[in-house]
Amino acid sequence: MARLKPSIYEERRRITRACITANQERYGYTDEQLAKLLCISIQTFRKRKKDPDYFTLVELQSLGRALKFTPIQAASIVLGRDITAKEVKDFILM
């Protein structure tokens, strides 16, 4: 049976989860530490991490600073898609 392509919304969630999880691992933050930083419970943080649609803009901004999102990661989260090398090059050469 053919595998279904994930919806655009699921693809956006995967991009956000990937950025959070990768940088969380890279910088050694636990879920508990990030929940405390955002002033939310650990259960709420894990729920929002699983379904990032529920993060507020302020929470995403705080996560971005704490997890040191690169400009490409931040743009990917906002746009909900991967940023291509051509787009980065075009932006730099503007």
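Above: the structure in question.
Residues numbered from 1 in each chain as written. Predicted model: local features only at pLDDT ≥ 70, side-chain atom pairs only at ≥ 80, totals over all residues. Heavy atoms only, no water.

A.B. asks: Any chance you could explain helix α3 (residues 42-50) here in plain terms?
C.D. replies: Because the α-helix completes a turn every 3.6 residues, residues three or four places apart line up on one side. Of the residues making up α3, those classed as buried are F45, R48 and K49. Buried residues of α3 fall within an arc of 100 degrees about the axis and therefore sit on the same side. Exposed and oriented more than 90 degrees from the buried face of α3 are Q43, K47 and K50. Those residues of α3 that are buried are in contact with α1 (8-27), α2 (31-38) and α4 (57-66). (Buried < 20%, exposed > 50% of the residue type's maximum accessible area, 1.4 Å probe, protein only. Helix = DSSP H or I, 4+ residues; strand = E, 2+ residues; numbered from the N terminus. Arc of directions from axis to C-beta. Contact = heavy atoms within 4.5 Å.)

A.B. asks: What am I meant to see in the pattern of salt bridges here?
C.D. replies: When charged atoms on two side chains of opposite charge get close, those side chains can pair. Summed over all chains, the structure comprises eleven salt bridges. A salt bridge links E87 to R81, with the shortest nitrogen-to-oxygen separation between them at 2.9 Å. E87 sits in the partly exposed class, given a relative accessible area of 29%. Using a relative accessible area of 36% as the deciding quantity, one classes R81 as partly exposed. Taken together, the salt bridges that share partners define one network made up of E10, R13, R14, R17, D51 and D53. (Salt bridge = Lys/Arg side-chain N within 4 Å of Asp/Glu carboxyl O.)

A.B. asks: How should the nonpolar core be read in this particular structure?
C.D. replies: Within soluble globular proteins, side chains that are nonpolar generally end up buried alongside one another. C19, I20, L34, A35, L38, I40, F45, F55, L63, L67, F69 and I77 together form the largest nonpolar core, which totals twelve residues. When residues of this core are traced back to their parent elements, those giving at least two are α1 and α2. Look past the residues within four positions of L34 in its chain and what remains in contact with it is Q24, Y29, F45, L63 and L67. (Core = buried A, V, L, I, M, F, W, Y, C linked by side-chain atoms within 4.5 Å.)

A.B. asks: I'm lost on the side chain of S62 in this one. Help?
C.D. replies: As for its position among the elements, S62 is in helix α4. Look past the residues within four positions of S62 in its chain and what remains in contact with it is L37 and L38.

A.B. asks: What is the right way to look at the side chain of D31 in this model?
C.D. replies: Locating D31 in the fold gives a position in helix α2. A distance of 2.6 Å separates polar atoms of two side chains, one belonging to D31 and the other to Q24. (Polar contact = N/O pair within 3.5 Å; in protein donor to acceptor, adjacent residues only side chain to side chain.)

A.B. asks: Would you explain a nonpolar patch on the surface in this entry?
C.D. replies: On the surface, a cluster of nonpolar side chains totalling about 570 Å² of accessible area is made up of F91, I92, L93 and M94. Structurally, F91 is set in helix α6 (residues 85-92). (Patch = residues over 30% accessible without salt bridge, like charges linked within 9 Å, V, L, I, M, F, W, Y side chains within 5 Å. Areas by Shrake-Rupley, 256 points an atom, 1.4 Å probe, with all protein chains shown as cover.)

A.B. asks: Got a minute to help me understand the environment of L60 in this structure?
C.D. replies: Relative to the elements of secondary structure, L60 occurs in helix α4. Residue L60 is classed as partly exposed on the basis of its relative accessible area, which comes to 21%. With 50 residues separating them along the chain, L60 and E10 place their C-alpha atoms 18 Å apart. Contact partners of L60, with chain neighbours within four places excluded, come to F55 and I77.

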